[in-house]
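Observations on chain architecture
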Amino acid sequence: MKSYDLVIVGGGPGGYTSALRAAKLGLSVALAEKDHLGGTCLNRGCIPSKTLLHGARIVDMIEKGKRWGIETAAPLIHFDQMRKHKDAVIQRLRTGIDSMLKAGKIDQYRGHGTVHPDLTVTVRSQGEETAIRGKHILLATGSQPSLPPIPGLEQTEVRTSDTIFDIDDLPESIVIVGGGVIGLEFADIFSSLRVKVTVVEMAERILATEDADAAKVVEKHLKSKGVKFFTSAKVASMRQDNGRKIVSVQTADGTVELAAAEILVAVGRRPNLDGLEPLGLRMNGPFVAVDEYLQTNLPNVYAVGDLIGGWQLAHVATAEGFRAVDNIAKKKEKMDYRAVPRCLYTSPEIASVGLGEQAARERGYDVQTATFPLAGIGKAVAVDESDGFMKLIADRKYGEILGVVLVGPHVTEMINEASAYMVLEGTVEEMARMIHPHPTISEIFFEAADLWLKSSMP
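Described below are features of the structure shown in this document. (Residues numbered from 1 in each chain as written. Predicted model: local features only at pLDDT ≥ 70, side-chain atom pairs only at ≥ 80, totals over all residues. Heavy atoms only, no water.)

Across soluble globular proteins, you tend to see nonpolar side chains buried next to one another. Ranked by internal contacts, the top residues of the largest apolar core, which has 45 residues, are Leu-101, Val-115, Val-121, Ile-137 and Leu-139. Going through the elements one at a time, β1 (2–9), α1 (13–24), β2 (29–33), α4 (79–103), β5 (120–125), β6 (128–139), β19 (301–303) and α7 (314–328) are the ones with two or more residues in this core. The element that contributes the greatest number of residues to this core is β1, accounting for five residues. Residues contacting Leu-101, with those up to four places away along its chain left out, are Tyr-16, Ala-19, Leu-20, Leu-31, Leu-37, Ile-106 and Gln-108. Of all hydrophobic cores here, the second largest spans 35 residues; its members include Ile-167, Phe-186, Phe-190 and Val-195. (Core = buried A, V, L, I, M, F, W, Y, C linked by side-chain atoms within 4.5 Å. Buried < 20%, exposed > 50% of the residue type's maximum accessible area, 1.4 Å probe, protein only. Helix = DSSP H or I, 4+ residues; strand = E, 2+ residues; numbered from the N terminus. Contact = heavy atoms within 4.5 Å.)

For the bond from Ser-347 to Pro-348, the omega torsion is 0 degrees, close enough to zero to count as cis. With an omega of 0 degrees, the peptide bond between His-438 and Pro-439 qualifies as cis. Positive phi, close to 55 degrees, is recorded for Asn-242, a residue that is not glycine. Among the structural elements, Asn-242 can be located in the loop between β12 (234–241) and β13 (244–251). Not every positive phi belongs to a glycine, and Leu-294 is a case in point at roughly 70 degrees.

Let us now look at the side chain of Arg-269. Residue position: Arg-269 is located in strand β16 (residues 269–271). Its relative accessible area of 15% is what places Arg-269 among the buried residues. In terms of polar contacts, Arg-269 uses its side chain to reach the side chain of Ser-161, at 3.2 Å. Those residues in contact with Arg-269 that lie beyond four places of it in its chain are Thr-40, Ser-143, Gln-144, Pro-145, Ser-146, Ser-161, Asp-162, Asp-306 and Gln-312. (Polar contact = N/O pair within 3.5 Å; in protein donor to acceptor, adjacent residues only side chain to side chain.)

A word on the packing of aromatic side chains. Going through the model one piece at a time under the given rule, you end up with three aromatic pairs. Joined through ring pairs, the aromatic side chains of Phe-165, Phe-186 and Phe-190 make up one cluster. In this structure, Arg-21 is placed above the aromatic ring of Phe-322, and the distance from its NZ or CZ to the ring centre is 4.4 Å. The ring of Tyr-293 carries the charged tip of Lys-332 above its face, separated from the ring centre by 5.1 Å. (Phe/Tyr/Trp six-rings, centres within 6.5 Å; stacked < 30°, edge-to-face > 60°. Lys NZ or Arg CZ within 6 Å of the ring centre and 35° of its normal.)

Dropping the structure here:
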């Protein structure tokens with residue numbers, strides 16, 4: 001049996017990046033993965049959805065060009081070509097990951113891994129089993145879509161965020177169950193590609209975990225594209241009827257039946273615990289429990305990513321993996337979640353970091369906020385993308401920046417400026433002093449900070 005300093009189970013963002021870091025630190029590393037490298041993010045999530053979103057944005061821009069005096073024939077959408085492009089992007093990135101692992105001299109074991117308490121991992125593939133052992137084990141097995149107990153769901157052909165990319169052609173209509181980040185990104189994609197979209201959300205509003213003002217901007221935009229919303233609504237049942245799929249929805253006004261060619265269920269994800277059963281891991285609800293150093297209740301066994309819950313974001317899984325590897329290498333340091341950027345890639349985009357206004361007050365801060373509209377930014381007006389704002393949340397006493405919410409074009413790229421201020425414990429005054437180039441969307445950082453300072457004056 002071959003032994004390693006570290007055996008990683010799972011080849012997603014939390015797994016393969018950890019393997020590369022461990023190898024750079026001089027550890028011998030093995031990586032076990034039963035599917036494609038890159039995990040959910042690359043193969044069934046972040047990358048394919050953003051590839052399709054880019055195509056959807058082009059369609060939107062062609063339509064918007066009419067307002068600017070630029071007209072062309074209506075775009076022809078060849079979905080098979082869009083799928084081929086998406087698949088090519090995925091394959092290129094898979095190949096890149098594989099090349100990096102080989103360059104790092106990381107042994108790859110392709111197959112289903114089962115982890116045992118003696119720190120051995122048995123990898124089964126096509127009826128053959130290979131056993132390896134690690135001085136340390138890092139669990140990065142990710143998550144899978146959660147399907148709620150809806151009557152008739154098992155008898156109805158529904159799509160999840162893992163399988164929606166398998167459709168052969170664009171449906172005429174789709175009902176999306178779930179008005180969170182995943183559901184709304186697909187609502188944006190399909191509505192731009194001329195699919196009739198209906199979103200059903202159990203909470204009082206869409207994007208219940210995001211800033212309420214930001215959610216309103218996105219909802220307004222999606223409604224302008226024809227998306228229909230049912231909030232405070234519960235799916236009572238599903239069924240198939242003569243090739244159509246019927247969703248029965250309970251609303252405050254009674255029961256509504258929605259017919260569509262496709263149903264997408266996007267109500268969240270649950271951890272993938274398959275192969276971890278022999279360990280007897282301590283759990284935190286449905287997730288694997290870890291301490292501040294990402295270690296489980298078992299000595300030398302660590303866990304990261306969707307498996308442990310929390311943000312369930314690819315970049316967080318990577319950061320957790322780095323921290324776990326550093327701790328394995330005896331560089332003890334706690335995981336810090338104070339400045340985690342969160343991004344929604346609809347149009348307009350939403351990006352946020354740090355505490356929301358309510359959460360900051362609940363933690364005892366003397367909160368002061370300032371909200372500057374994107375309509376006051378010259379570049380945003382010039383490119384006809386002025387729907388949005390920046391909300392700056394800071395402590396009144398010292399001007400410590402506690403959180404930032406951005407809504408508008410390219411804000412998922414801009415949010416790192418706010419993250420940097422928070423990591424470096426910057427203040428609103430320092431943000432206002434920074435010179436931003438003109439004309440740019442990023443000037444909104446200065447404007448929001450300046451507004452905050454003026455509002456704080458007696």
